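One letter stands for each residue in the lines below.
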Amino acid sequence: MTKPETGPVLLLNLVLLLTLVSPVCLSAPRGHAARYLGQIAENCAAGTPVDGVTLQDTGGCSRTNLGTSLTGEYATHFRLVYHRGHLGQQGHLGLVSARALDREFIAVYKLRVECARVPALVQVTVSDLNDNIPRFIGGNVTVEVDALTPRGTALTRFGAEDADAERNGRVTFYASPESHLLHVHARSGQVLLVGSLLGLSHVTLRLFVKDGGDAPLTGEPVFLRVHVCGHGAHRRRETRSVSEEQNFTITVPDQARVGDLVFTVPDHRFQQRWFQVTSEKEEESPVQVERDSGRLYLARPLREPAQVTVKVQSRRADDWYLCRLTLSMLSQADLQWTMFPSPYLGAVSPDAMPGTVVYRLSAQQRDATQGHAQFLLLDNDECFEVDRRSGEVRTTGRPLTPGKEYLLRVQALDQQGRKGASAYVSVLAGYRPPQFTNTTYRVNVAENTPAGQTVAMVKADSFQVKSVSYQLLVNPGNLFSINQQGGALSLTRAVDYESGHKIHNLQVRASESETGLSSVAEVVVHITDENDCTPEFLQSIYTRENVPENMTPGSSLLQVLARDCDSGVNSDLSYFVDDGDFAITSGGVVSPARHLDYERPNHMYEFVVVAVDAGTPPRTGTASVRIRVSNSNDEAPVFSQSVYKTFLSEDAGPDTLVAIVHANDLDGDMVSYAITGGNEDRNFLLDNHKGIITLRRSPPPRLRGLQYVLNITATDDNASGGPYPLSSSAHVVVGINDINNNKPVFQECHNYSLNAAVLENQPPGTFVLRVRAHDADTGVNGDVRYGIMHRDGVSSAFEIDPDSGVITTAVSFDRERQREFTLSVTATDQADEPLIGICQVTVVIADVNDNEPKFENSRYQYFLREDTPVGTSFLRAAAHDDDHGSNAVITYSLTNQSPEYLHINPSTGWIYVNQAISQVTHTHTHHKSHTHTHTHTHTHTNISQVTHTNITGHTHTHTHHSLLHITGHTRTHTHTHAHTHYSFTHVH
């Protein structure tokens, strides 16, 4: 770079140089803010120091005000720390991160330190780490291609994005597995046809994308589906929009994070649909849409309002429509600065009158409308002010220091008072050199561009509104010329990429003749190569003879070689073959991909090899390869069927023909057969040469089971000269047809009557027993159905499920009428001539305590003498119960007797005198009989039915009556009672 001639030019070039060096402090004139450039890696833990930022402590900063001394956008992401000096040295301030930083959120921070006597401006650059996975833009792609499409045709192009920077964000495309028909350009994502599509209906390619980091990250794959049409077939019709666009305004919460759901695109028109972002800059879209559901997720921080277009496509037809979405946050203004060029510079005379306009701010809505923005001056600079409505930056009348640069920080507000992004305007008190629209112009010029054709335009604006002239300060080889008045840059002669320099660094000076001020800008011209050469093979046909067909896959056969007269990537060649039987390396070495086959037509392989350069668009060249194969015993015998199926009756006799197997050897060798499995019973015989399978003659065959699976091996005689004989196998499945020669058998019949019982009084459908029978036959011959035999016209008291064998009651039983039933249960198979098995089952009706005890007489009468001795038994009260077992055991007792003259034996019912009988005493006694049923309870409920009967004795004088109440009951949860009355009269 040539040394500039004026002071202002020196300042510009110095800034350009120091931005490449880190760390550094850009000193400023006395009283101006010092500038620091720092750097820190993203994702570092909180508390990591920022390299290159060390501020001297001038006494204005204290530990108490460090927290409020750092200002600027997102200043809270950093904090100041104080470092004490050692051995009398002055202390200093350092800058550390307050959180882990994300370069993709903010790449450059512009901060200001306010506590020092002279403020300091700090610019922190966040360096990139490879922490973002690349992703494809859009999803799977389907294209239709004619079967006669020539090789080298570009079918489609895939795009991908990676939020990282530089090589971490540089993506590479590739296919896995690789295809011999399709080639993916690693850099552009373009897919080329390199093979023939004849005879194919479709081709599918899986594509991946990876970044260029030291540890590359790979994104999720997408698929390219190529549908092959016949020659002249009609192309798929274009899709059409079914209605007008829909518009939605979406307000994203300020606290929303990347990955959060912000909206769901509604659709009520299609039964099945898919969604796709179709904005012009899809890779910069702040959102991603879920293809099947329409859910919209935040893909990157929404620093400013954005518009996104989503296409809603029907899956069943070619209809679609568009939804336009406007996204913004509540705290954001939908504004953008429209001043040009950048950086924003102005100039004013030091003696300017108050109100002199030195710069005009402008902002507009992001939809390109002007709106009604208002403007603020954030820094309290007493020398300048901003008109809130017009945006004019004016002088206030305060004295201006000649040569001083005033840095003004401004901000725009929308009609709702929401703040937009801030900006800096630098105003020089004095004459300012012209400002170029770019500090560095980068131009690509294709080789063979004709001389005199404009290749770039440079432009500089005069702050003094003077005419500007342009001059080339640095012009190596005088290859370029510039129009002095207009700044048009052109070539003086044609350039050749292969023979000349690839990069030309120019310097252009813009000068004001009246003031003598000038500025210098750099123009970097890259000469680019044109892909104008087609790869050419050194031979049009490559041949290899007598290749043994047993050659190991991957062994080298021959090498093809092509040349491309272009340079750089345009001459980088890749090789492909359109035959899946062969593979080719990047160096052109052809090898078999699988075992070769001598038996193919003419014993020869012929295919096309394609060379593709890496240019854009790529060019291709082709050559033919012929491989002639020699024979060896590499073909095993092949059976006419892999599985032979046949059927035999289970009673088939000796020498019965089972099956005939046949195998052919493509090498022409003779074949022999053997049974190598499934013949453990030796029921089958095989003719080793004819392949005839029969049943053995002696002893007679015994066929058992459902089927036999015989493994038959065919082995060649290796007459074609291989290293060893080859063999293959087939299966013969012999199904055995069953004969109904087994009747169903109840194997547990003798045990059924032991467990067959049901309580009386149970409702119909009560479970009794489940029976099972087994039939040794198979199929319908062994399929058993159950039944119960009964006399004609007489309905059975039981039912049976024909499938499960479950026996249930058909009526409710009374044990006192019938105590057991004998059933004849049948099991019948389902053969055409069925066989029947029978089992006799005795079902016992179990007793329930449902009968009351009953006395033999309802009334007893007995006469006792007054002097009857105590202990004399005089009467037996007998009762009976129709129930069974413990339910029929009766206990007797007397009740309501006072005094207790009488006593009854609880077991026998005999009544005897308990104490001497008084002549004046009248005894009325109740007798009670009990039927015992043992239960585990201590609570008895007496349910009594009482019948009073008087037994009267007569004498010649008078008669006294005593009434005895005898009750019989059962001792269960509920007692059953029988009552009777007794009267007795004592006789003097």
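Residues numbered from 1 in each chain as written. Predicted model: local features only at pLDDT ≥ 70, side-chain atom pairs only at ≥ 80, totals over all residues. Heavy atoms only, no water.

Under the annotation held in an unreviewed UniProt entry, the protein carries the name Neural-cadherin-like and is attributed to Solea senegalensis. The protein has a UniProt comment under Subcellular location (unreviewed entry) that states "Membrane". (UniProt positions renumbered as here; feature names shortened; annotations may be inferred.)

K.L.:
Give me unusual backbone geometry: which residues, what numbers.
P.N.:
Omega for the peptide link from Ser-176 to Pro-177 comes to 0 degrees, which places this bond in the cis form. With respect to the helices, strands and loops of the structure, Pro-177 is situated in the loop between strand S13 (171-175) and strand S14 (182-184). With an omega of -10 degrees, the peptide bond between Ser-698 and Pro-699 qualifies as cis. The backbone of Tyr-74 shows a phi angle near 55 degrees, a positive value even though the residue is not glycine. Relative to the helices and strands, Tyr-74 is located in the loop between strand S4 (70-71) and strand S5 (78-83). Taking the relative accessible area as the measure of exposure, Tyr-74 reaches 39% and is therefore partly exposed. Phi is positive for Asn-546, close to 50 degrees, though the residue is something other than glycine. Examined against the element boundaries, Asn-546 turns out to sit in strand S45 (residues 541-548). (Helix = DSSP H or I, 4+ residues; strand = E, 2+ residues; numbered from the N terminus. Buried < 20%, exposed > 50% of the residue type's maximum accessible area, 1.4 Å probe, protein only.)

K.L.:
Which residues make up the nonpolar core, and what values do they have?
P.N.:
If you look at the biggest cluster of nonpolar residues, it comprises 25 residues, and the most contacted ones within it are Phe-436, Tyr-470, Phe-480, Leu-489 and Val-523. For this core, the secondary-structure elements that each account for two or more residues are strand S36 (440-446), strand S37 (454-457), strand S39 (468-474), strand S40 (480-482), strand S41 (488-491), strand S42 (503-512) and strand S43 (518-528). Residue contributions to this core peak at four residues, all from S43. (Core = buried A, V, L, I, M, F, W, Y, C linked by side-chain atoms within 4.5 Å.)

K.L.:
I'd love a proper account of the pattern of salt bridges, names of residues and values included.
P.N.:
Under the definition given, this model contains 26 salt bridges. Here Glu-392 and Arg-360 are joined by a salt bridge, their closest N and O atoms 2.8 Å apart. Taken together, the residues span a long stretch of sequence, with Glu-392 in strand S32 (residues 392-395) and Arg-360 in strand S28 (residues 357-360) at a distance of 32 residues. The salt bridge partner of Arg-418 is Asp-414, with a shortest N-O separation of 2.9 Å. Classification of Asp-414 as buried rests on a relative accessible area of 4%. Connected through salt bridges with shared partners, the residues Arg-360, Asp-387, Glu-392 and Arg-394 form a single ionic network. (Salt bridge = Lys/Arg side-chain N within 4 Å of Asp/Glu carboxyl O.)

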